[in-house]
Amino acid sequence: MTNSKSPSTRSYIFRAATIAIGCVLGLVLSNGPALRAAGQVPLQSLDDKAPALPLTSSFEKVEGAEAGPYVLKLQNTSKDALKVTAQVLTSLPSHANRKTRDIPEHVIEAGQSWSIPDLAASDKVTVTAPGFAPLELTVP
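What comes next concerns the included structure. Remember, it's a predicted structure, so these values are computed and weren't measured experimentally.

## As for the nonpolar core
Consideration 1: In terms of nonpolar packing, the biggest core is built from 19 residues, with L74, W114, I116, L119 and V127 touching the most fellow members.
Consideration 2: Only β2 (70-76), β3 (82-89), β4 (100-108), β5 (113-119) and β6 (124-128) provide two or more residues apiece to this core.
Consideration 3: Sorting elements by how many residues they give to this core places β3 first, with four residues.
Consideration 4: In contact with V127, not counting residues within four places along its chain, are L53, L55, L74, V84, T85, A86, P134 and L135.

Structure representation (structure tokens):
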């Protein structure tokens, strides 16, 4: 008759699992207050958000092959001149052309307008100016 003083394999695995679960629960519960404190992020006030660009926009369909099917017209509605740049993300890129087209910096005087030609349907135009939130438009 064999008298076994060591626990069986099944009870050994059960004890090890119980100890492991206890350690994990202990770590989770001990870090609870620290995790709650880390999760509290102060909310930004809405005053910190950049103001919208003072531009009105309209798309005009152009007849003829030279100018493209659409032109974006931007009008400055502020009292000051705006120094803007634009980027066009083309909806139908070709292998010969890049997917984006950068429009160089342009100054729009107060009350004046500026046109961006050669746009196709579903192109995305992003207009940016220092101190203002970007204006994102999609060609109809």
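Alright, that's what it looks like, and here's the rest.
## Some remarks on helix α1 (residues 9-30)
Structurally, the α-helix is built with 3.6 residues per turn, so residues lying three or four positions apart point the same way.
Consideration 1: Here α1 is 22 residues long and its end C-alpha atoms lie 32 Å apart, about the 32 Å a rise of 1.5 Å per residue gives.
Consideration 2: Taken across its 22 residues, α1 has zero buried, putting it largely on the surface.

## A word on a nonpolar patch on the surface
Consideration 1: Nonpolar side chains collect at one region of the surface, where I21, V24, L25, V28 and L29 lie side by side and expose about 510 Å² of accessible area between them.
Consideration 2: One can find I21 in helix α1.

What counts, and where the lines are drawn
Residues numbered from 1 in each chain as written. Predicted model: local features only at pLDDT ≥ 70, side-chain atom pairs only at ≥ 80, totals over all residues. Heavy atoms only, no water. Core = buried A, V, L, I, M, F, W, Y, C linked by side-chain atoms within 4.5 Å. Buried < 20%, exposed > 50% of the residue type's maximum accessible area, 1.4 Å probe, protein only. Helix = DSSP H or I, 4+ residues; strand = E, 2+ residues; numbered from the N terminus. Contact = heavy atoms within 4.5 Å. Expected span 1.5 Å × (residues − 1). Patch = residues over 30% accessible without salt bridge, like charges linked within 9 Å, V, L, I, M, F, W, Y side chains within 5 Å. Areas by Shrake-Rupley, 256 points an atom, 1.4 Å probe, with all protein chains shown as cover. Salt bridge = Lys/Arg side-chain N within 4 Å of Asp/Glu carboxyl O.

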